[in-house]
Amino acid sequence: MKRKMKIEDLSRPAQQLVTLEPSDLLPLPPPYDEPRPLKELTEEQRQRYEASLDGIVGLGVTKPANAQEEEEFVAKFLSGLKKLLSKENNWTFIQPLLHSLDYCVKCQLCNDSCPAYLSSGKQEIYRPTFRPEVLRRIINKYLKKENSLLARLTASNIELNFTLLARLAELAYRCSLCRRCAQVCPLGIDNALISREIRKLFSQEMGIAARELHEQGTVQQLKVGSSTGITPKALANIIAFMEDDIEEKTGRKIKIPVDKEGAEVLLVHNAGEFMAWPENPQAFAILFDAAGIDWTLSSQIAGYDAVNYGIWYDDVQAARVAVHHAEAARTLKVKKICVGECGHAHKAILVIADRVLTGELNIPRESALPLLEHLVLSGKIKLDPKRNDFPVTLHDPCNMVRLMGIVEPQRKILRAICPQFREMEPHGVDNYCCGGGSGFAIMQSMNFPDWRNSVSARMKMKQILEAFADVSEPAQNKYVCAPCSNCKGLMRDMFEFYGATRKSGIFYGGLVELIVNAMVDLQKPFLTWEQL
Ligand code: SF4
Ligand code: SF4
C-alpha cells in the first residue's frame, strides 16, 4: 500500500515499509489488465532474510544471529563507506560519486523519468533520489559529524543499524542502473552510479552480492571460461553443432573460425547466446562469411564471453574480467575486438575497460552495430526486405544507446530491411530500460522475478503493446528486435509471465538474425517462428 515515507523510516525496525498492491501498478491495456498480486515470501524466508523493505528479496541479506553480529555488520559498512569516499580506495568512480552526492538540488525533475518509480505507481522508495538521500544522510551524520552545522542539519534522525543497511542494500537492487534519471538531470547527477556504488560497497567490503552476478557470474566466468558455465571444451562442441545446424538450415558449409591468429576482428558474444539463442552467433557467422570478413572467435577463458557483470556491482571483478578479455585479443594478435549484441558488454569493454586497460592491453575495441550497418547499407550483401514483411519494433538497450550514443545504425538497418518497422515511444536515448538491466534479467532469487516482471519490466511491456496496437491480433506474428542478450533474457521471461506470445503473437530476437533472414541467396528463411 502506498503511504508517505520518510527517509528515517528506513532505520525503524518495524513492519514491512511498502506493500505493492496490483491496483497501484501502472495500468496495462486489456487483456493484460487483470490484477495480479505479487508472490509473497514464505515464513521461513522472512525469518531468514531481511525483507522488510518491500517484501521482495533479490539480494538476500541474512539477519544477524545476535547483537555482536549486528555491530560487526554496521562497523564493516562504515569502514567500507569511508573507503568509498576516499580517492586512494575508489579512484575509479570517486569524482562522479562525489559530484552526485554533493550537488543534487532535490528539484525532483528526475522522478518521472524512472520506469521503476512510475510502474510501481510512484512508490516513494523507488524515487531516483530516495536511495542517494539515505546514503547522504548516513554520511552527514556518521562521517561528517564533527563537521559543520549544515552536516548536522541535513543528517536528520536516521539511525545506523542492521535494518537500515539491509534495506539499503536491497534498495540498490531495485534500480536497474538505466540512467534515464541521469539523462534528464540538469546538473548531471548520476543516481544510478550511487546505486551501483552502494552495491560495490556491499560486495567488496562485506561479501554481499547477488549470487547470479558473483558466484554464478564473474567467479564462474574466470574459473571455467564463461558465466553460463560453458567451458572451452563445451564451446568446441557447441560450435560444431552450430556449423551442422547452419548447413541444415541454409545448405551452406561454413567453418566458424576459432583462435585464428592475426585475424582482423575478434568477435566476442555474450556466452548466453550460445546456450539460449544460438541463431544469433550463427547469423553473425553466415553474414561475416558472406561478406568475406577476416574474423575469429576465441576459446580462451572469458575470451568467448563478453559478459562483465562486475560493472554492476564490483570494481575488482570488473577489472579482472576486462583484463581477461584484452588478454584473449592480445594472445591472438587480432587487430581489434568487436562486441556482439550485448548492451552491458558494450559498456564494459568499450567504456569502463578504458580505466584499467593500458599499454599493450589497450587493444582497439568497437561495437558490431556500425559494422552491421555498413554491411547492410553498402549493398555488399543482397537483401530482400519482403522476407521480413511482418511488424517489427526496436528495443534500445540502455548501455548502447543512452550511454554510448549508438542510436542510428540499428534503426537504419531496420528501416532498410523491415517494411513494417515501427518505433516504440519514447525511443533512442529516451528509451525505457527493458527492466532487466544491471543483472535483473538473470536474478532468480525467491520472489524477485515476480517483482521484475510486475514492476521493473512493466513500462517496457506497455511500450511494446502500444507499438503493436494496430496489429494486436495473435494470428499476426510480430518481432521485438532486441540487440542485447540481457534484454532478450528479460523478454523471454516477461513474455512468458504476461502470455504475450499466446495473447498477442509477440516474439523477440536479435538484429543480425533479421539481416540474414533477408539475404536473397539463402534458399529458406533463416527465421522460423516456431524456434523463436
Ligand atoms: S538528481 Fe538532478 S534532477 Fe534529480 S533531484 Fe537531483 S538535481 Fe534534480
Ligand atoms: S537509473 Fe533508471 S531505474 Fe535507477 S533510479 Fe534512475 S531511472 Fe530509475
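As shown above, the structure is provided for reference.
Residues numbered from 1 in each chain as written. Chains lettered and ligands numbered in written order. Predicted model: local features only at pLDDT ≥ 70, side-chain atom pairs only at ≥ 80, totals over all residues. Heavy atoms only, no water.

**Quick notes on the overall build of the protein**
Summing up its helical and strand segments, the protein has 24 helices and 8 strands in all. A compact globule built from 532 residues should have a C-alpha radius of gyration of about 24 Å, and the protein, at 23 Å, falls within 12% of that. Projected onto the principal axes, the alpha-carbon positions of the protein cover approximately 70 × 55 × 45 Å. Residue burial in the protein is summarised as follows: out of 532 residues, 61% are buried. For the protein, the share of sequence-separated contacts (at least 6 apart) that also reach a separation of at least 24 residues comes to 78%. (Helix = DSSP H or I, 4+ residues; strand = E, 2+ residues; numbered from the N terminus. Rg over C-alpha atoms; globule rule 2.2 N^0.38 Å. Buried < 20%, exposed > 50% of the residue type's maximum accessible area, 1.4 Å probe, protein only. Contact = heavy atoms within 4.5 Å.)

**Here's the deal with the sheet that holds strand S5 (residues 392–394)**
Spatial ordering of the open sheet is given by S6-S5-S7-S8, a layout of 4 strands whose pairing is parallel. Bordering the open sheet on either side are strand S6 (421–422) and strand S8 (506–509), each of which pairs with just one other strand. With 2 bridges connecting them, S5 and S6 associate as parallel partners. Looking across to S6, one finds that Val392 is bridged to Phe421. Lying over the sheet, helix H19 (residues 408–417) contacts S5, S6 and strand S7 (478–481), oriented at roughly 170° with respect to S5. (Pairing = 2+ DSSP bridges. Axes fitted to C-alpha atoms, helices over the stretch in contact; angles between N-to-C directions.)

**Regarding the packing of helix H2 (residues 67–84) against helix H7 (residues 162–171)**
Two numbers describe how H2 lies on H7: the axes approach to 9 Å, and their chain directions differ by 55°. What the angle tells us is that H2 and H7 run oblique. Like other packed secondary-structure pairs, H2 and H7 cross with a definite hand, here left-handed. On H7, the residues touching Glu70, Phe73, Val74 and Phe77 of H2 are Phe162, Leu165 and Leu168. (Parallel < 35°, antiparallel > 145°, perpendicular 65-115°, else oblique. Left-handed = near helix turned anticlockwise from the far one by under 90°.)

**Description of the site of ligand 1**
Surrounding ligand 1, one finds 13 residues, the nearest of these being Cys104, Cys107, Gln108, Cys110 and Cys185. Taken together, the residues that form the shell around ligand 1 break down as 9 nonpolar, 3 polar and 1 charged. (Near = heavy atom within 4 Å. Nonpolar A, V, L, I, M, F, W, Y, C, P; charged D, E, K, R; others polar.)

**Notes on the nonpolar core**
In terms of nonpolar packing, the biggest core is built from 73 residues, with Phe77, Leu81 and Ile138 touching the most fellow members. Elements with a minimum of two residues in this core: H2, helix H3 (94–102), helix H4 (115–119), helix H5 (130–143), H7, helix H9 (191–206), helix H14 (310–313) and helix H20 (448–456). Once residues lying within four places of it in the same chain are set aside, the contact partners of Phe77 are Leu135, Ile138, Leu160, Leu165, Leu168, Leu201, Phe202 and Met206. The next biggest cluster of nonpolar side chains, apart from the first, holds 54 residues, and it includes Ile238, Ile286, Leu372 and Ala518. (Core = buried A, V, L, I, M, F, W, Y, C linked by side-chain atoms within 4.5 Å.)

**Remarks on the side chain of Gln463**
In this fold, Gln463 is placed in helix H21 (residues 458–467). At 2.8 Å, the side chain of Gln463 and the backbone oxygen of Pro426 are in polar contact. A polar contact of 2.8 Å, which involves the side chain of Gln463, links it to the side chain of Lys460. (Polar contact = N/O pair within 3.5 Å; in protein donor to acceptor, adjacent residues only side chain to side chain.)

**Description of the pattern of salt bridges**
By the definition in use, this model includes 36 salt bridges. With a closest N to O distance of 3.4 Å, Lys122 and Asp112 form a salt bridge. Taken together, the residues Lys122 in the loop between H4 and H5 and Asp112 in the loop between H3 and H4 connect sequence positions 10 residues apart. Put simply, Lys488 and Glu273 hold a salt bridge, and the shortest N to O gap is 2.9 Å. Taken together, the residues span a long stretch of sequence, with Lys488 in helix H22 (residues 485–498) and Glu273 in helix H12 (residues 272–276) at a distance of 215 residues. Overall, Lys488 belongs to the buried group, its relative accessible area being 0%. When its relative accessible area of 1% is taken as the criterion, Glu273 is described as buried. When salt bridges that share partners are traced, they join Glu8, Lys106, Glu133, Arg136 and Arg137 into one network. (Salt bridge = Lys/Arg side-chain N within 4 Å of Asp/Glu carboxyl O.)

**So, the environment of Gln531**
Inspection of the secondary structure puts Gln531 in the segment after helix H24 (512–517). Overall, the relative accessible area of 54% leaves Gln531 in the exposed class. Sequence separation of Gln531 and Trp277 is 254 residues, and the distance between their C-alpha atoms is 9.5 Å.

**Regarding the pairing of S7**
Neither face of S7 is open: one carries Lys478 and Val480, the other Tyr479 and Cys481, and all of them are buried. The pairing of S5 with S7 spans 3 bridges and is parallel. Paired with Val392 across the bridge in S7 is Tyr479. Of the strand pairs in this sheet, S7 and S8 are connected by 4 bridges, and their pairing is parallel. What sits directly across from Val480, in S8, is Tyr508.

**As for the packing of aromatic side chains**
Scanning the entire structure with this criterion turns up 16 aromatic pairs. Aromatic side chains Phe440 and Phe448 sit 5.1 Å apart centroid to centroid with 75° between the ring planes, which places their arrangement in the edge-to-face category. A relative accessible area of 0% places Phe440 in the buried class. On the basis of relative accessibility, which here comes to 0%, the residue Phe448 falls in the buried class. An aromatic cluster of three or more residues is present, and its members are Tyr126, Phe440, Phe448 and Trp451. Taking NZ or CZ as reference, Arg36 lies 3.7 Å from the ring centre of Phe497, over its face. (Phe/Tyr/Trp six-rings, centres within 6.5 Å; stacked < 30°, edge-to-face > 60°. Lys NZ or Arg CZ within 6 Å of the ring centre and 35° of its normal.)

**Concerning helix H10 (residues 214–224)**
Looking at H10, one finds that the buried residues are Gly217, Thr218 and Gln221. One side of H10 carries all its buried residues, which in axial view fall inside an arc of 60°. Along its buried surface, H10 packs onto H14 and helix H15 (315–332). Within two residues after H10, Gly225 carries a phi angle of roughly 125°, on the positive side. (Arc of directions from axis to C-beta.)

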